Amino acid sequence: MKLVHIYKTFYPNTPKEVKALTDINLTFKKGEFTTLSGESGSGKTTLLNLIGGLDTPTSGQIFLDDQEISAFSETQMAKLRLKNIGFIFQAYNLIQVLTVRENIGFIMQLLKFDDKEIDARISELASILQIEDILDKLPGEISGGQQQRVAVARAVASRPKLILADEPTANLDSKNSERLMRMLRTLNEKEHITVIFASHDKYVLEQSKRIIVLDDGVVIEDR
Amino acid sequence: MYKIAHHLAWLNLWRRKARSLLVILMIIMSLSGLLALQGLYDGMITHLINTTIRSDSGEISLYAKEYRLDKSLDHILSHVSQVEEELSRIKEISTYSVRLEQEGLIATAHKSLGGTLKGISLENEKSFGRFDTFITKGTYSFGRKNKGALVGSALADKLHLKVGNRLIFTAQDANGEINAISFRISGIFKTGNPSLDENTVFVSMENISQFLGLTESATQIALRIKEADSIKKVQKELQILFPYADILRWDELYPLLIQMRDIMDIFNLTSYAIVFIIAALGIFGVILVSVLERIREFSIMLAIGTPYKMVRTQILLEASFLGLIGYIAGTFLGWILLIYMATAGIDLRSFKAGLELYGYSAIMYADIHFYYFFQAFFAVFFATLLSVLWPLHILKRIKPIQIIQGKML
């Protein structure tokens, strides 16, 4: 994934104008385990949204596998997200009426995977993420840590090229944060999925192979 | 994709059970009430039309030209046996009744009133329109000497007539002479057709013919047609066969009945509009609130790549389930009500006087037609479609990131 001269301005040409990102140029290689770091309001979530096609840049280009996704229509972007990107949100955001099993298999079902394949993948992920005993429960019946692991399973189930995680540990205690990061690291190494976090959690930063620090919408450090 | 949308829609429908059940109940009550009312309205009109056809007009009636404008014996149908011969050749005609009438003065010991003396054949009228079933007092006969008369109930009341009383009818005969004839009341009838009940006395055809000095003559020949579809065709055929006669269908003779039917159609349409609005508002309320309270969930679904058309299908299915359950239960309840009202009827005898004034029966029976259920289906179907338009518009307009951003930024 490549970002070229990305600018993002909210409420342009109004008194409320906010320059969220300025001239961002980044490249992410397959299998990277990267964290976008910075203070609140530094632009890390805005950048994550642009990478995930949830928002469009004011100017600049975003390429995924040499395709300029920043020029995609909303429908094309939805297809791209479905096939290539897994999202993990801070607030878990599971579908409340579906069981854990159905939540994990949701994207695979949308992608018309075979039922047997879906079942096998759910079992595999449940084993890795240690959620085998809650597969038939509803999200409301399990803890926050368990919900976040289910959200991870949903995001990686269809083996997307890219996982985007926005503050995934923000609502978890240190023990659950540690466990989640260990599992994401395992999935990253085992399935060679590129993972990009937006986080300022110290533990997340420690686990990351690459850290990009943003300040006031500008990349100030990339190590 | 449809499978997941279907699954999600069904589960979400019962997320707020009480709310969904309330809307379904609202559709059931309004739909069953509508079906019952429609059947009752139609039943009232059908009853009026049937009694009019049975007691007077048939499906088609023949009159001498100008008779209906000037009811004088100068404008009568003559050579009736020849006309009957021609009629018997038309296979669409099941039966007919030859009638001869004259207006005059009806006098009793108490009172005198203008009225109509109508000559009929009791046997013919029985097969023509089961006239014997209209008898409320006395017998369906003209007595042993054929000198009896059947009097309309309202006329009998006005003249204080009872079975066995005598009346004298005075009128001009075919020669212009004023004559009188007396009859003993053998029966009192009530058809529901005010023009008959209020001013007609039925006597035998032989008696009236003799009294008026006429033979082979009639003022009206009423026909019963086997199939309703062939009425216009028979009318055209008769117009060619009898160019000297006015050939009129029942709806041309009683345009008021058609107007009443049109008014009932407007009532029905209004009722449908009310049900349509109730169903649409009910489903709209539930779906709108349901969409708004799940806007974040929909945003997440869209964000992770769920196609908008799947979300749209899910919402449509949620609304359709509400409409469909309401429709099935509502039409079932409506059907039971209709069956009951079509067989047992609704007893409105406490409003008897008012109803009979307009020719309605005090016990009303409902009609049942299959098209009621189709009409109801389309009303609920379109209400469902209409009710999801705004919630879908809201969903189409949202940018998932704007909803999620509250937490993500």
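On a predicted model such as this, the values are computed, not experimentally measured, just so you know. (Residues numbered from 1 in each chain as written. Chains lettered and ligands numbered in written order. Predicted model: local features only at pLDDT ≥ 70, side-chain atom pairs only at ≥ 80, totals over all residues. Heavy atoms only, no water.)

A. Local environment of the overall build of chain B. From N to C terminus, chain B includes 15 helices and 12 strands. Against the compact-globule benchmark of 22 Å for 409 residues, chain B has a radius of gyration of 31 Å, which places it well outside the compact range. Considered along the principal axes of its C-alpha atoms, chain B spans approximately 110 × 45 × 30 Å. Expressed as a percentage of the 409 residues in chain B, the buried residues total 52%. (Helix = DSSP H or I, 4+ residues; strand = E, 2+ residues; numbered from the N terminus. Rg over C-alpha atoms; globule rule 2.2 N^0.38 Å. Buried < 20%, exposed > 50% of the residue type's maximum accessible area, 1.4 Å probe, protein only.)

B. Quick look at the domain arrangement of chain B. When its domains are assigned, chain B resolves into domain 1 (2-52 + 257-408) and domain 2 (66-243). A straight line from the C-alpha centre of domain 1 of chain B to that of domain 2 of chain B covers 50 Å. (Domains from an automatic or database assignment.)

C. Geometry of helix α5 (residues 144-157) of chain A. Here α5(A) contains 14 residues, and its C-alpha end-to-end distance of 20 Å stays within 8% of the 20 Å for a straight helix at 1.5 Å per residue. Of all the 14 residues making up α5(A), 12 are buried; the element is thus mostly covered by neighbouring parts of the structure. When we look at burial in α5(A), the residues that qualify are Gly145(A), Gln147(A), Gln148(A), Arg149(A), Val150(A), Ala151(A), Val152(A), Ala153(A), Arg154(A), Ala155(A), Val156(A) and Ala157(A). Buried-residue contacts for α5(A) involve β6 (85-88), α3 (100-110), α4 (115-128), β7 (162-166) and α6 (174-191) of chain A together with α11 (295-303) of chain B. Remark: Arg159(A) follows α5(A) within two positions and exhibits a positive phi of approximately 50°. (Expected span 1.5 Å × (residues − 1). Contact = heavy atoms within 4.5 Å.)

D. Quick look at the interface of chain A and chain B. Taken together, the contacts link 27 residues of chain A with 25 residues of chain B. Both sides of the chain A and chain B interface together cover about 2,300 Å² of buried area, and 66% of this is carbon and sulfur. At the boundary of chain A with chain B, the tally comes to four residue pairs in polar contact (both at pLDDT 80 or more). For the side of chain A that touches chain B, the elements supplying multiple residues, two or more each, are α1 (44-51), α2 (74-84) and α3 of chain A. By residue number, the principal contributor to the side of chain A that touches chain B is α3(A), which donates five residues. In terms of residue class, the side of chain A that touches chain B is built from 14 nonpolar, seven polar and six charged. (Buried area = accessible area lost by both parts, 1.4 Å probe. Polar contact = N/O pair within 3.5 Å; in protein donor to acceptor, adjacent residues only side chain to side chain. Nonpolar A, V, L, I, M, F, W, Y, C, P; charged D, E, K, R; others polar.)

E. Just the pattern of salt bridges, in detail. Residue and element names in this part refer to chain A. Applying the stated criterion across every chain, the model contains 29 salt bridges over all chains. A salt bridge links Arg159 to Glu124, with the shortest nitrogen-to-oxygen separation between them at 3.5 Å. Residue Arg159 is located in the loop between α5 and β7, and its partner Glu124 is located in helix α4; the two are separated by 35 residues in the primary sequence. When its relative accessible area of 45% is taken as the criterion, Arg159 is described as partly exposed. (Salt bridge = Lys/Arg side-chain N within 4 Å of Asp/Glu carboxyl O.)

F. Molecular detail of the sheet that holds β6(A). Residue and element names in this part refer to chain A. The six strands lie next to each other as β6-β7-β8-β3-β9-β10, forming an open sheet whose pairing is mixed. Sheet topology places β6 and β10 (218-222) at the edges, where each strand pairs with a single neighbour. For this sheet, the mean angle separating the axes of adjacent strands, direction not counted, is 20°. In this structure, strand β3 (residues 33-37) lies alongside strand β9 (residues 210-215), joined through four bridges in parallel fashion. In the strand pairing of β9, Ser37 is matched with Val213. Together, β6 and β7 form the strand contacts of α5, whose direction differs from that of β6 by roughly 170°. Here α6 sits on the sheet in contact with β3, β6 and β8 (194-198), set at roughly 135° to β3. (Pairing = 2+ DSSP bridges. Axes fitted to C-alpha atoms, helices over the stretch in contact; angles between N-to-C directions.)

G. Broad picture of the side chain of Lys44(A). Residues and elements named next belong to chain A. Within the fold, Lys44 resides in helix α1. Note on Lys44: relative accessible area 5%, which makes it buried. Other than its neighbours up to four places away in sequence, Lys44 contacts Leu36, Ser37, Gly38, Glu39, Glu167, Ala198, Ser199, His200 and Leu214.

H. Representation of the nonpolar core within the structure. Counting 151 residues, the largest nonpolar core has Ile51(A), Phe106(A), Ile221(B), Leu223(B) and Leu238(B) as the members making the most contacts within it. In terms of residues, this core owes the most to one element, helix α2 (residues 17-57) of chain B, which gives 15 residues. Two domains each put at least three residues into this core: domain 1 (2-52 + 257-408) and domain 2 (66-243) of chain B. When residues no more than four places from it in sequence are discounted, the contact partners of Leu238(B) are Ile60(B), Leu62(B), Leu87(B), Ile90(B), Leu223(B) and Ile247(B). (Core = buried A, V, L, I, M, F, W, Y, C linked by side-chain atoms within 4.5 Å.)

I. How the structure looks around a negative patch on the surface. Residues and elements named next belong to chain A. Residues Asp114, Asp115, Glu117 and Asp119 make up a contiguous surface patch of negative charge. Structurally, Asp114 can be placed in the loop between α3 and α4. When its relative accessible area of 45% is taken as the criterion, Asp114 is described as partly exposed. (Patch = residues over 30% accessible without salt bridge, like charges linked within 9 Å, V, L, I, M, F, W, Y side chains within 5 Å. Areas by Shrake-Rupley, 256 points an atom, 1.4 Å probe, with all protein chains shown as cover. Lys, Arg positive; Asp, Glu negative; His and termini not counted. Charge placed at Lys NZ, Arg CZ, Asp CG, Glu CD.)

J. Quick peek at the sheet that holds strand β1 (residues 2-10) of chain A. If you walk across this open sheet you meet the four strands as β2-β1-β4-β5 (chain A), and the pairing is antiparallel. The open sheet terminates on both sides in strands that have one partner only, identified here as β2 (18-27) and β5 (67-68) of chain A.

K. Spatial organisation of the pairing of β1(A). Pairing between β1(A) and strand β4 (residues 59-64) of chain A: four bridges, direction antiparallel. If you follow Tyr7(A) over to β4(A), its bridge partner there is Ser59(A).

L. A look at the packing of α3(A) against α5(A). All names here are of chain A. It is the contact of α3 with α5, at a shortest axis distance of 7 Å, that shows an interaxial angle of 25°. What the angle tells us is that α3 and α5 run roughly parallel. Once α3 is placed against α5, the crossing between them reads as right-handed. Residues Val100, Asn103, Ile104, Ile107 and Met108 of α3 touch α5, and the partners they reach there are Val150, Ala153, Arg154 and Ala157. Looking at the contact of α3 with α5 residue by residue, the classes come out as seven nonpolar, one polar and one charged. (Parallel < 35°, antiparallel > 145°, perpendicular 65-115°, else oblique. Left-handed = near helix turned anticlockwise from the far one by under 90°.)

M. Representation of the packing of aromatic side chains within the structure. Residue and element names in this part refer to chain B. The full count for this structure, using the stated rule, is 20 aromatic pairs over all chains. Plain terms: the ring middles of Tyr41 and Phe267 are 5.5 Å apart, the flat faces sit at 40° to each other, and that makes the pair tilted. Here Tyr41, found in helix α2, pairs with Phe267, found in helix α10 (residues 255-293); they are 226 residues apart in sequence, far enough to count as distant. Summarising the aromatic geometry, the rings of Phe242 and Tyr244 are spaced 6.0 Å apart at their centres and angled 75° between planes, so their arrangement reads as edge-to-face. A cation over a ring is seen here: Lys396 above Tyr308, with NZ or CZ 4.5 Å from the ring centre. (Phe/Tyr/Trp six-rings, centres within 6.5 Å; stacked < 30°, edge-to-face > 60°. Lys NZ or Arg CZ within 6 Å of the ring centre and 35° of its normal.)

N. Structural context of the environment of Glu32(A). All names here are of chain A. Turning to its location among the elements, Glu32 is positioned in the loop between β2 and β3. Each C-alpha atom of the pair Glu32 and Asn188 lies 8.0 Å from the other, and the pair is 156 residues apart in sequence. If we skip the residues at most four places from it in the chain, Glu32 touches Thr27, Asn188, Ile193, Thr194, Val195 and Arg210. Engagement of the side chain of Glu32 in a polar contact is seen with the backbone nitrogen of Lys29, the distance being 3.1 Å.

O. Molecular detail of a nonpolar patch on the surface. Residues and elements named next belong to chain B. Taken together, the side chains of Leu324, Ile328, Phe370, Tyr371, Phe374, Phe377, Phe378, Phe381, Phe382 and Leu385 present a nonpolar region at the surface, about 1,000 Å² in accessible area. Elements with a contribution of two residues or more to the nonpolar patch: α12 (308-343) and α14 (370-397). Residue contributions to the nonpolar patch peak at eight residues, all from α14. Among the secondary structure elements, Ile328 is positioned in helix α12.

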